[in-house]
Amino acid sequence: GLKKCLTSIDKLDYPKDRIETIIIEGPETVPVKVQKGYEKSTGEYIVYGANDMEFHPESIRKALFLSKKEDKGLVAFNSGELSPDNGNICEHFMISKSLVKQLGGIFDTRFHHVGVDNLLWKKASNVGQAIRSEGAKIIHNHFSKGGIYDEIYDKGWKMAERDRELLSRII
């Protein structure tokens, strides 16, 4: 999956010299890996991608345009699906570093994976900084949609119920 994601980054309709790709591997949880990537990054915006997704060539350009046009710090990519309860609206996203500082971080590292994106969406929405882009499309090859269930998913999903309980207490 990582190869597909990296290939989609190479095909982005966006200046290559303005793209910084940071790969974080290891046994850590998704929130910890995202935090490490954030700390290493040098740009004004952070884009969260993963080994189970691919970017549409225009996704970054369209997300950035919408962010600036609507003055929103968090732009959720459009994977073509949206749960009736707006769950997983923010599976993959672009966020400004200034909003990350305002929110006190990207992901709550107490989570393993499930719900951490919903919490980010809620926090950004509470300060009027979240928007979903119809034009910034991605393909999310999630295992529940026929993607590969590997050791990374296994680690996160073993803690799914714990994460859901934590999310219900926070939101």
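Asker: Any chance you could break down helix 3 (residues 59-70) for me, citing the residues and the numbers?
Answerer: The end-to-end C-alpha distance of helix 3 is 16 Å, a good match for the 16 Å that 12 residues give at a rise of 1.5 Å each. Every buried residue of helix 3 is listed here: Ser59, Ile60, Ala63, Leu64, Leu66 and Ser67. The buried residues of helix 3 occupy an angular sector of 160° when projected down its axis, which confines them to one face. Opposite the buried face of helix 3, at more than 90 degrees from it, the exposed residues are Phe65, Lys68 and Lys69. Buried-residue contacts for helix 3 involve strand 1 (45-48), strand 2 (53-55), strand 3 (74-78), strand 4 (93-96) and strand 5 (130-140). Positioned one or two residues after helix 3, Asp71 has a phi angle of 55°, which is positive.

Asker: Kindly report on the packing of aromatic side chains, identifying the contributing residues and their values.
Answerer: If you walk through the whole model with that rule in mind, you get four aromatic pairs. Consider the rings of Tyr48 and Phe93, whose centres lie 5.5 Å apart with planes at 35°: the pair is tilted. Taken together, the positions of Tyr48 in strand 1 and Phe93 in strand 4 put the pair 45 residues apart, joining distant regions of the chain. We note that Tyr48, like Phe93, is buried. Relative to Phe107, the ring of Tyr48 has its centre 5.7 Å away and its plane inclined at 80°; by these criteria the two rings are edge-to-face. Within this pair, whereas Tyr48 is found in strand 1, its partner Phe107 is found in the loop between helix 4 (97-103) and helix 5 (116-126), the two being separated by 59 residues in sequence. Using a relative accessible area of 7% as the deciding quantity, one classes Phe107 as buried. Positioned over the ring face of Tyr38 is Lys97, at 5.5 Å from the centre of the ring.

Asker: An account of the nonpolar core is needed here, citing residue identities and associated values.
Answerer: If you look at the biggest cluster of nonpolar residues, it comprises 42 residues, and the most contacted ones within it are Phe55, Leu74, Phe93, Ile95, Ile106, Phe107 and Leu120. At five residues, the largest contribution of residues to this core is made by helix 5.

Asker: Can you lay out the pairing of strand 4 for me, pointing to particular residues and giving the numbers?
Answerer: Here strand 4 shows two buried faces, one formed by Phe93 and Ile95 and the other by Met94 and Ser96. In this sheet, strand 4 lies alongside strand 1 in antiparallel orientation, the contact comprising four bridges. Looking at strand 4, one finds that Val47 is bridged to Met94. Strand direction decides the pairing type here: strand 3 and strand 4, joined by three bridges, are antiparallel. Along strand 4, the bridge assignment pairs Leu74 with Ile95.

Asker: Describe the sheet that holds strand 4, naming the residues involved and giving the relevant values.
Answerer: If you walk across this open sheet you meet the five strands as 1-4-3-5-2, and the pairing is mixed. The strands lining the two open edges of the sheet, one partner per strand, are strand 1 and strand 2. Between one strand axis and the next, the sheet turns by 35° as a mean value, whatever way the strands run. Of the strand pairs in this sheet, strand 2 and strand 5 are connected by three bridges, and their pairing is antiparallel. From the neighbouring strand, Glu54 faces strand 5, where its bridge partner is Ile139.

Cut-off values and rules
Residues numbered from 1 in each chain as written. Predicted model: local features only at pLDDT ≥ 70, side-chain atom pairs only at ≥ 80, totals over all residues. Heavy atoms only, no water. Helix = DSSP H or I, 4+ residues; strand = E, 2+ residues; numbered from the N terminus. Expected span 1.5 Å × (residues − 1). Buried < 20%, exposed > 50% of the residue type's maximum accessible area, 1.4 Å probe, protein only. Arc of directions from axis to C-beta. Contact = heavy atoms within 4.5 Å. Phe/Tyr/Trp six-rings, centres within 6.5 Å; stacked < 30°, edge-to-face > 60°. Lys NZ or Arg CZ within 6 Å of the ring centre and 35° of its normal. Core = buried A, V, L, I, M, F, W, Y, C linked by side-chain atoms within 4.5 Å. Pairing = 2+ DSSP bridges. Axes fitted to C-alpha atoms, helices over the stretch in contact; angles between N-to-C directions.

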